[in-house]
Amino acid sequence: NYIKIFSPATVANVSCGFDALGLALETVGDTMTFTKTDVEGIKITQITGADLPLDTQINAAGVVALAMLEKHPADFGIDITIHKGYTPGSGLGSSAASAAGAAFGVNQLLGGIYSPLELTQFAMLGEEATCGTPIADNVSAAIYGGFTLVRSYEPLSIVKIPVPADLRVVAIHPQVEVKTKDARDVLPTEIPLKDAVTQWANVGGLISGLHTNDYQLIADSLIDIIVEPARKTLIPHFDLVKKEALKAGALGAGISGSGPTIFALCKGDATAENVYKAIQNTYQDKQIDFNMILSKINTKGIKIL
Ligand code: HSE
């Protein structure tokens with residue numbers, strides 16, 4: 001009658017895989033509870049850690065939960081609480097963590113009737129409600145864990161990609177706001193074929209590197225020549241932070257989702273700590289306010305606490 005879960009923060013795109021790739025973090029995310037009640041319907045009774053609407057028609061978790069009960073009516077209601085473990089609007093899939101968490105939690109109370117793919121479809125409704133587009137990269141990574149590839153949107157097809165054991169994520173979140181909608185408005189609507197070839201070759205290289213634990217191939221493939229150039233102007237000192245991350249040994253660095261968080265993938269704890277310090281120093285020198293994360297990759301997705 002009651003369930004408590006952890007739903008992870010996620011890094012979408014992972015450089016070359018715009019709207020198609022995502023990865024889940026081990027240490028950062030939302031904690032949510034779901035309690036069966038006698039009063040039918042969904043109620044978000046409490047949100048801590050961020051100032052977000054309790055209104056179920058607007059809140060990502062509420063939208064998802066309502067859609068699930070509409071499709072599968074229940075003779076009970078559900079009270080939801082959400083503790084946001086990190087700042088919304090960071091580019092670390094905050095709305096996705098809540099949307100995916102709601103899909104997972106409600107499904108548990110319904111008896112586990114939906115598959116991970118169906119949960120992803122429900123969670124995409126939360127993304128649509130919050131940023132205008134039903135993107136699957138963050139929500140699929142939160143639900144499946146590890147790296148996920150959204151191989152097709154119609155019909156939805158999600159492929160789980162293996163995670164090399166030494167891979168670490170360092171992320172730095174400058175305290176500026178970048179709305180996903182605004183970050184999508186600056187994107188090119190057409191791209192030269194030559195650029196498309198470069199980009200999809202890098203996605204292929206990254207996927208292959210992840211399968212074969214080939215860290216050099218992963219490093220060579222973490223390149224985005226289409227989305228990053230259009231968005232990086234929204235992020236303070238992006239080029240400098242990236243340069244310092246690479247100099248400190250990162251395999252690659254890029255914009256996490258739609259930003260403003262910058263992420264770096266690193267091999268091993270020692271390198272990750274070096275990269276952490278290098279980019280921390282960069283923002284300290286420039287007097288930019290920021291938060292930082294160093295995390296393993298979460299390979300299991302949402303977990304019951
Ligand atoms: N793939 C999306 C984007 C993630 O980059 O706009 C943000 O939700």
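Residues numbered from 1 in each chain as written. Predicted model: local features only at pLDDT ≥ 70, side-chain atom pairs only at ≥ 80, totals over all residues. Heavy atoms only, no water.

Asks: Just to check I follow, could you spell out the pattern of salt bridges for this structure?
Replies: Close approach of charged atoms allows side chains of opposite charge to pair. In this structure the tally under the stated criterion is 8 salt bridges. Between Asp-269 and Arg-168 there is a salt bridge, and its shortest N-O distance comes to 2.6 Å. Here Arg-168 lies in strand β7 (residues 167-174) and Asp-269 lies in helix α10 (residues 269-285), a separation of 101 residues in the sequence. One salt bridge in this structure joins Lys-181 and Asp-185, with 3.1 Å as the shortest N-O distance. Of the two residues, Lys-181 and Asp-185 both sit in helix α5 (residues 180-185), 4 residues apart, roughly one turn of that helix. (Salt bridge = Lys/Arg side-chain N within 4 Å of Asp/Glu carboxyl O. Helix = DSSP H or I, 4+ residues; strand = E, 2+ residues; numbered from the N terminus.)

Asks: Hey, could you run me through the confidence of the model for the protein in this one?
Replies: Low pLDDT means the predicted atomic positions in that stretch should not be read closely. Chain-level pLDDT for the protein is 97 on average; 100% of the residues reach the 70-or-more range. In the predicted assembly, ipTM is 0.98 and pTM is 0.97. (pLDDT = per-residue confidence, 0-100.)

Asks: Is there a simple way to explain the site of the ligand in this structure?
Replies: Lining the immediate surroundings of the ligand are Ala-12, Asn-13, Phe-18, Asp-19, Ile-135, Asp-137, Asn-138, Thr-180, Arg-184, Arg-231, Gly-257 and Ser-258. Separating a nitrogen atom of the ligand from a side-chain N or O atom of Asp-19 is a distance of 2.5 Å. Arg-184 has a polar side-chain atom sitting 2.6 Å from an oxygen atom of the ligand. If the ligand stood free it would expose 260 Å²; the protein chains cover 95% of that surface. (Near = heavy atom within 4 Å. Polar contact = N/O pair within 3.5 Å; in protein donor to acceptor, adjacent residues only side chain to side chain. Areas by Shrake-Rupley, 256 points an atom, 1.4 Å probe, with all protein chains shown as cover.)

Asks: Would you mind going over the side chain of Thr-282 with me for this structure?
Replies: Within the secondary structure, Thr-282 sits in helix α10. Assessed through its relative accessible area of 7%, Thr-282 is described here as buried. One polar contact links the side chain of Thr-282 to the main-chain carbonyl oxygen of Ala-278, over a distance of 2.7 Å. Sequence-distant contacts of Thr-282, defined by excluding residues within four places in its chain, comprise Leu-240, Val-241 and Glu-244. (Buried < 20%, exposed > 50% of the residue type's maximum accessible area, 1.4 Å probe, protein only. Contact = heavy atoms within 4.5 Å.)

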